[in-house]
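# Overview (structure and organization)
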Amino acid sequence: MKRMKYKFLESVLDEIDKCVKCAACHAGCPTYELSFSETLTARGKIRLAKGILEESIGLSKRVAKDFSLCLSCLNCSTVCPPGVDTLKIFTAVRSHIYDEKKEGRIESFIHEQVLPYPTRLNYLAKLTGAASLFYKMAPKMIARYFPYAPDGYARVTPPLLRSSLRSRLKEVNKPVEKRTVRRVAYFSGCMTDLAYPETGVHVVEKLNNAGVEVIFPKEQVCCGAPAYFAGDMSTARKLAMKNREAFKNLDVDAIVISCATCGSVLKHAYSQILPDDNSAKEMADKVIDFQSLLVELGEEKKFKAADNSGEKLKVTYHDPCHLKRGLGVSDAPRLILKNLPGVEFVEMENADSCCGGSGAFGLEYYDMSMDIGRAKAEAIKKSGASVVATSCPMCQLQLTDALNRQGYNITVKHTADLIDQVMSARK
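We now turn to the structure provided with this report. Predicted, not measured: the structure shown is a model, and the values here were computed from it.

## Concerning the overall build of the chain
- Scanning the chain from terminus to terminus reveals 25 helices and nine strands.
- Relative to a compact globule of 427 residues, whose C-alpha radius of gyration would be 22 Å, the chain shows 21 Å and is just as compact.
- Judged by the C-alpha coordinates and their principal axes, the chain covers about 65 × 55 × 45 Å.
- Here the chain holds 427 residues, and the buried ones make up 56% of them.
- Sequence separation of 24 or more characterises 78% of the internal contacts of the chain that already satisfy a separation of 6 or more.
- Taken as a whole, the chain presents about 19000 Å² of accessible surface, with 53% of it coming from carbon and sulfur.
- The centroid of the 60 positive side-chain charges in the chain is displaced by 2 Å from the centroid of its 50 negative side-chain charges.

## Quick look at the sheet that holds strand β2 (residues 182-187)
- In space, the five strands of this open sheet follow the order β1-β3-β2-β4-β5, with mixed pairing throughout. Among the strands making up the open sheet, the edge pair consists of β1 (172-173) and β5 (287-289).
- Pairing geometry for β2 and strand β4 (residues 254-257), over four bridges, is parallel. By the bridge assignment for β4, alanine 185 is matched with isoleucine 255.

## Overview of helix α15 (residues 233-247)
- For α15, spanning 15 residues, the distance from its first C-alpha to its last is 21 Å, which sits close to the expected 21 Å at 1.5 Å a residue.
- Buried within α15 are the following residues: Met233, Thr235, Ala236, Leu239, Ala240, Asn243, Arg244, Ala246 and Phe247.

## Here we look at the side chain of arginine 166
- Along the chain, arginine 166 falls in helix α11 (residues 165-168).
- Here the side chain of arginine 166 touches lysine 218 through a polar contact of 2.7 Å, landing on its backbone oxygen.
- Apart from the residues within four sequence positions on either side, arginine 166 is in contact with Pro118, Asp193, Phe216, Lys218 and Gln220.

## So, the nonpolar core
- One finds Tyr186 and Leu340 to be the most contacted residues of the largest nonpolar core, which totals 97 residues.
- Among the elements that line this core, the one with the most residues is helix α16 (residues 260-273), at seven residues.
- Setting aside its immediate chain neighbours within four residues, leucine 340 contacts Phe303, Asn308, Leu418, Ile419, Val422 and Met423.
- Grouped together as the second largest cluster of nonpolar side chains are 23 residues, Leu9, Leu13, Phe90 and Ile97 included.

## Side note on the packing of helix α23 (residues 366-383) against helix α24 (residues 393-406)
- Following both chains from N to C, one finds α23 and α24 inclined at 80°, their axes separated by 8 Å at the closest point. Taken together, the axes of α23 and α24 are roughly perpendicular relative to one another. Contacts between α23 and α24 pair Tyr366, Ser369, Met370, Gly373, Arg374, Lys376, Ala377, Glu378 and Ile380 from the former with Gln398, Leu399, Asp401, Ala402, Leu403, Arg405 and Gln406 from the latter.

## With respect to the environment of leucine 239
- Positionally, leucine 239 belongs in helix α15.
- Looking at leucine 239, the relative accessible area reads 0%, which means it is buried.
- Taking C-alpha positions, leucine 239 is 9.7 Å from histidine 111, a pair spaced 128 residues apart along the chain.
- Every residue in contact with leucine 239, bar those within four places of it in the chain, is listed here: Leu115, Pro116, Val221, Cys222, Gly224 and Tyr270.

## Quick notes on the sheet that holds strand β8 (residues 387-390)
- Within the open sheet, the four strands sit side by side as β7-β6-β8-β9. Their pairing is parallel. Strands at the two margins of the open sheet, each flanked by one partner only, are β7 (343-345) and β9 (411-414). Each strand axis lies, on average, 35° off the axis of its neighbour in the sheet, ignoring direction.
- Relative to β7, strand β6 (residues 313-317) runs parallel, the two sharing three bridges. Looking across to β7, one finds that lysine 314 is bridged to glutamate 344.
- Packed onto the sheet, α24 meets β8 and β9 and runs at close to 175° relative to β9.

## Considerations on the pairing of β6
- Bridge count between β6 and β8: three bridges; the pairing is parallel. Its bridge partner being in β8, valine 315 is matched across the sheet by valine 387.

## Section: the packing of aromatic side chains
- Considering all chains together, one arrives at nine aromatic pairs under this definition.
- A centroid spacing of 6.3 Å and a plane angle of 70° characterise the contact between phenylalanine 67 and phenylalanine 90, whose relative ring orientation is edge-to-face. Here phenylalanine 67, found in helix α5 (residues 61-68), pairs with phenylalanine 90, found in helix α7 (residues 86-101); they are 23 residues apart in sequence, far enough to count as distant. Note on accessibility: phenylalanine 67 and phenylalanine 90 belong to one class, buried.
- In textbook terms, an aromatic cluster arises when at least three aromatic residues are bridged by ring pairs, as seen for Phe134, Tyr135 and Phe146.
- The ring of phenylalanine 90 is capped by lysine 45, whose NZ or CZ atom sits 5.8 Å from the centre of that ring.
- A cation sits over an aromatic face here: arginine 120 above tyrosine 117, 4.0 Å from the ring centre.

## Brief notes about the side chain of threonine 157
- Relative to the helices and strands, threonine 157 is located in the loop between α10 (140-143) and α11.
- For threonine 157, the contacting residues outside a window of four places in its chain are Ser132, Tyr135, Lys136 and Leu397.

## Some thoughts on the environment of lysine 324
- Inspection of the secondary structure puts lysine 324 in helix α20 (residues 321-327).
- For lysine 324, a relative accessible area of 31% gives the class partly exposed.
- Apart from the residues lying within four places of it in its own chain, the contact partners of lysine 324 are Asp319, Val329, Ser330 and Asp352.
- In this structure the side chain of lysine 324 is engaged in a polar contact, spanning 3.0 Å, whose partner is the side chain of aspartate 352.

What counts, and where the lines are drawn
- Residues numbered from 1 in each chain as written.
- Predicted model: local features only at pLDDT ≥ 70, side-chain atom pairs only at ≥ 80, totals over all residues.
- Heavy atoms only, no water.
- Helix = DSSP H or I, 4+ residues; strand = E, 2+ residues; numbered from the N terminus.
- Rg over C-alpha atoms; globule rule 2.2 N^0.38 Å.
- Buried < 20%, exposed > 50% of the residue type's maximum accessible area, 1.4 Å probe, protein only.
- Contact = heavy atoms within 4.5 Å.
- Areas by Shrake-Rupley, 256 points an atom, 1.4 Å probe, with all protein chains shown as cover.
- Lys, Arg positive; Asp, Glu negative; His and termini not counted.
- Charge placed at Lys NZ, Arg CZ, Asp CG, Glu CD.
- Pairing = 2+ DSSP bridges.
- Expected span 1.5 Å × (residues − 1).
- Polar contact = N/O pair within 3.5 Å; in protein donor to acceptor, adjacent residues only side chain to side chain.
- Core = buried A, V, L, I, M, F, W, Y, C linked by side-chain atoms within 4.5 Å.
- Axes fitted to C-alpha atoms, helices over the stretch in contact; angles between N-to-C directions.
- Parallel < 35°, antiparallel > 145°, perpendicular 65-115°, else oblique.
- Phe/Tyr/Trp six-rings, centres within 6.5 Å; stacked < 30°, edge-to-face > 60°.
- Lys NZ or Arg CZ within 6 Å of the ring centre and 35° of its normal.

Take a look at the structure:
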C-alpha cells in the first residue's frame, strides 16, 4: 500500500477514513438523483477509493467512468456531517487514474500543449468558433448527425470569434476619478478572456468607477481547472506556478475574480497543488469575488440612489456551485440585484442547485448535463423572471443552452453585464 504509485492517493487517506457511511451525501447529488447508482455518490466513490488503495479494486473502465461522472459541485462536502473533503479525495483518485491511462488522450495534448500558452489557446478558440458557425447554421436534418444535437437541435456554443479580453484591456486600469481607494489585480479566466470579454471590461469599469485601480497582468494563464478536475496534476501544477509568478510581485490588496470556478481553484486547489509554496498561499488568501468587493465598497447604495422610475425588469439569480459552496458568496449578488434601479428581484426555487454545466462534464455527458439543466430551466421559468443573472461564464453558457432547448425566451446575463446594462440606461 506504500508503493510510490499510490503516494498522492495515500495523502488523502485521513479524509477517506473520516467517512462514516451515513449516506447524507445522497441528497442533492445531481448524478445520483438521475441514476440512483451508489457508485456515483460520494460514499460510493470513497469506498472505491479505499478499494483502490487496498488493491481489492482495479482501475477498470467502469471505475474510471464513475469518477468522471461527477460535476464537482461540492454538494456532498457541504452536507457531510463529519466534513469530509470529498473533492480532495476524488481529485487524488482521478490523478491516479489519469497517470495510469493518459497515453494517447487528446485531452492530455490540450492540457499540456495548449492551456499553458494563451496564444495557442486563442488560436484554438478562434478555430472552434469558426467551426461552430457551420454547426449552428446547419439544417435540422443534417444537425441531427452532429454531436450535442439531440433531435437535430444543436447546443448553444460559446461566442469565440470575439477579440479577447487581454487584447482589450490595458495592464494598468486607473479609476475614473483621481481618488484611489483600493488597488487590486484581476484574474479573468479563459472563458471571460475568450468568449465573454465584455464581462471582463464591465468588471474593470465598475471597479474603476468605485475608485479601484485594477491591474490586469497579461502573463496570467488558465487557472488550471480543466487539468485539475481531470486529474492532470502535472499540468495543473505548471499552470499554478505560472499564475503565481504573474501575481506574486504585484502590490495589490486583493485578486478579484468574476468566474466562480477560477476563484474556487485559486482559493482552494492551489494549496493542494503547491502545498509548501507560501506565494501560492498568499495568492489564495487575496482572492475575492468582484460582487463581494462592490458590496464591501458600498456600491449597492449608489445603485439604489439612481433613478428607479419606469417599468421593472424581473430578474432571478442562479448560484454557481463554486461561488456559493466554494467561496461562500451568495448574499452579495442578491444585495446588488435588489438595489439595482429598474430591477425587481425574485428568488427561484433551488437557486443553488447545480445547473449541470461543469466544464468537460457537459461535453462528455451532454444528455445527463441537459437532464440536470432542464430542472434548472423549469425553476427559472417558474420564477416568472425575464432575465437570470449568474456569476460564472460556464453556468451562463449552460443556462442559455438549457433554456433554449426548453424553448424559453429568457435571457442569461453575467451580473457584471446586467449592472452595466441597467446603470447605463440611467445615465
